[in-house]
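A look at the structure
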Amino acid sequence: MNIAAGFASSHYCTALAHQIRAESKTAAVIMEVCGGHTTALYRYGIPAMLPSTIRMVSGPGCPVCVSDVRFVDHAVALSRLPDVVIATYGDLIRVPGSTSSLEKETASGASIRIVWSALEAVALAAASPGKRIVFLGIGFETTIPGTAIAVREAIKAGVSNFFTLCSHKIMPPAMAALIDEGVAIDAYLCPGHVSVITGSGIYAPIAAVYRKPCVVSGFEPVDVLQSILMIVRQVESGKAAVEIQYTRAVHPEGNRRAQALIADVFSPCNDWWRGLGVIAGSGMRLAEAYRRFDAAEAIPVTVEEPREAAGCICGSILKGVQTPVDCRLFARTCTPDNPVGACMVSSEGACAALYRYGAYEQ
Ligand code: SF4
């Protein structure tokens, strides 16, 4: 950002914060369900600009964080097979499983390759006859199309040694599950990148059935503050609607081609979320016609009994009922260099974001 733009942004932020303070009369808990928003909130010090009526809480929006320990354990078990190469986005290798991590397995001789896209894993498979390449598919609707394209590309190129172990998730069932569970949430700051793909209609039941305002937000500080103001106006007027602040990227109908791709290659399933347990219809697995690429079926392996790290409260943080400073390990034994739980691994995790940008007392 150049100096002039930075000044203008700061001027708008100050004005928006002033307006929020002027208009907010009713206490409201706003949950952000996107790791990018969690990072933006801490990075720009936005909570400190808000009135005492508004409390921001982080939810299950970081893809690495919500991937359950069972998924990590499964990946670890696969990595121990001599002919398997794990292809994964970088953050995942440091997430602790029950007794190991992909990073530790690398030290023991496992083949782990960091990739920037699922297509890179297909290329790796094509160049590695005799090896089975397992791409770890995580993330929400933002990353699901990439995995779908990779599967189709593997078919097109006749690559039969490409597989994917998927823990792809969709957001609305988790948002509903938190309310059903009684977590105090008055409104949702909805994810921008997910909504580019899905459109804003996926949040309609959250607004209509649960009466929670939903605003799809961008990621600049001005975006987030404007979205909070839009939520405040809904709260004060007793409305519960879906609105888009991030209009420069998100359309109500979303990206139809990406949606069609997802619908062809994946089908909904129940899935485990760290801290939230199994949520019906919240996961995406390969559809029947593509099931031969599913590592969970094609490569049988014994996975150890899941065990959470002692003292780690990632699950409660992802549900919005505790914050990183409630964890006695935060910034003591758990740091980005030595993460005890998933929320300290990814830069979008609440613990890592607070550690890096936040003001906290030890
Ligand atoms: S600080 Fe570390 S141990 Fe505590 S909840 Fe966060 S990731 Fe888990």
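Residues numbered from 1 in each chain as written. Predicted model: local features only at pLDDT ≥ 70, side-chain atom pairs only at ≥ 80, totals over all residues.

Let us look at the overall build of the protein. A tally of regular secondary structure across the protein gives 15 helices and 11 strands. Taking 2.2 N^0.38 as the reference for a compact globule, 362 residues should give roughly 21 Å; the C-alpha atoms of the protein span a radius of gyration of 21 Å, in line with that estimate. Expressed as lengths along the three principal axes of its C-alpha atoms, the size of the protein is roughly 65 × 45 × 45 Å. Looking at the protein residue by residue over its 362 residues, the buried ones come to 52%. Taking all contacts inside the protein whose residues are at least 6 apart in sequence as the whole, residues at least 24 apart take part in 76%. (Helix = DSSP H or I, 4+ residues; strand = E, 2+ residues; numbered from the N terminus. Rg over C-alpha atoms; globule rule 2.2 N^0.38 Å. Buried ≥ 20, exposed ≤ 12 C-beta atoms within 10 Å, placed from the backbone. Contact = placed C-beta atoms within 7 Å.)

Our focus in this paragraph is the site of the ligand. Lining the immediate surroundings of the ligand are 14 residues, of which Cys 312, Cys 327, Cys 334, Gly 341 and Cys 351 lie closest. Considering only residue class, the shell around the ligand consists of 13 nonpolar, one polar and no charged. (Near = placed C-beta within 6 Å. Nonpolar A, V, L, I, M, F, W, Y, C, P; charged D, E, K, R; others polar.)

Our focus in this paragraph is the sheet that holds strand β11 (residues 277-286). Taken together, six strands build an open sheet; the order of strands is β4-β3-β5-β6-β11-β10 and the sheet is mixed. Unpaired on one side and paired on the other, β4 (111-114) and β10 (266-273) mark the two borders of the sheet. Within the sheet, the average angular offset between the axes of one strand and its neighbour, ignoring direction, is 30°. Across two bridges, the pairing between strand β6 (residues 162-169) and β11 is antiparallel. Across the sheet, Lys 169 pairs through a bridge with Gly 283, a residue of β11. The sheet contacts of helix α6 (residues 118-126) involve β3 (84-88), β4, β5 (132-139) and β6, and relative to β5 the element is tilted by about 175°. (Pairing = 2+ DSSP bridges. Axes fitted to C-alpha atoms, helices over the stretch in contact; angles between N-to-C directions.)

Looking now at the pairing of strand β1 (residues 28-32). In terms of residue burial, β1 counts as a mostly covered element, since four of its five residues are buried. In this sheet, strand β2 (residues 54-58) lies alongside β1 in parallel orientation, the contact comprising five bridges. Within the sheet, the bridge partner assigned to Ala 28 lies in β2 and is Ile 54. For the segment spanning β1, helix α2 (residues 35-43) and β2, crossover handedness is right-handed. (Right-handed = clockwise from strand over helix to strand, strands pointing away.)

As a further point, take the packing of α2 against helix α15 (residues 350-357). Direction vectors running N to C along α2 and α15 enclose 20°, while the axes themselves pass 9 Å from each other. The angle between α2 and α15 places the two elements in the roughly parallel class. Crossing geometry of α2 relative to α15 is assigned as right-handed. For the pair α2 and α15, contact is made by Thr 38, Thr 39, Tyr 42 and Arg 43 and by Ala 350, Ala 353, Leu 354 and Tyr 357, respectively. (Parallel < 35°, antiparallel > 145°, perpendicular 65-115°, else oblique. Left-handed = near helix turned anticlockwise from the far one by under 90°.)

This part is about the nonpolar core. Grouped together as the largest cluster of nonpolar side chains are 117 residues, with contacts concentrated most on Ala 121, Val 134, Tyr 188 and Cys 351. In terms of residue count, the dominant contributor to this core is helix α11 (residues 221-237) (seven residues). Not counting residues within four places of it along the chain, the set of residues in contact with Ala 121 comprises Ala 87, Val 115, Ile 133, Phe 135, Ala 150 and Phe 162. (Core = buried A, V, L, I, M, F, W, Y, C linked by C-beta atoms within 7 Å.)

All right, on to helix α7 (residues 144-156) then. Spanning 13 residues, α7 covers 19 Å between terminal C-alpha atoms, matching the ideal 18 Å at 1.5 Å per step. Taken residue by residue, α7 has Ile 144, Pro 145, Thr 147, Ala 148, Ala 150, Val 151 and Ala 154 as its buried positions. (Expected span 1.5 Å × (residues − 1).)

Another aspect to go through is helix α8 (residues 171-180). The set of residues buried in α8 consists of Met 171, Pro 172, Pro 173, Ala 174, Met 175 and Leu 178. Packing partners of the buried residues in α8 comprise β7 (187-190), α9 (192-198), α10 (204-208), β10 and β11. Count one or two residues on from α8 and you reach Gly 182, which has phi positive near 95°.

This next bit is on the environment of Gly 192. One can find Gly 192 in helix α9. Since 24 C-beta atoms lie within 10 Å of it, Gly 192 is described here as buried.

Moving on, we come to the packing of α6 against α7. Across the interface, α6 lies against α7 with an axial gap of 8 Å and an inter-helix angle of 25°. The angle between α6 and α7 falls in the class roughly parallel. With respect to the hand of their crossing, α6 and α7 are arranged in right-handed fashion. Here α6 contributes Ala 118, Leu 119, Ala 121 and Val 122 to the contact with α7, which in turn contributes Gly 146, Thr 147, Ile 149, Ala 150, Glu 153 and Ala 154. Looking at side-chain class alone, the contact of α6 with α7 contains seven nonpolar, two polar and one charged residues.

With that settled, the discussion passes to the sheet that holds β2. Two orientations exist for strands paired in a sheet by backbone hydrogen bonds: parallel and antiparallel. Taken together, the five strands give an open sheet; going across it, the order is β2-β1-β7-β8-β9, and neighbouring strands pair in parallel fashion. On the outer flanks of this sheet lie β2 and β9 (242-244), each paired with one strand and no other. Looking at each pair of strands side by side, their axes are set apart by 20° on average, direction ignored. Here β7 pairs with strand β8 (residues 214-216) via three bridges, running parallel. Counted as the bridge partner of Cys 190 is Val 216 from β8.

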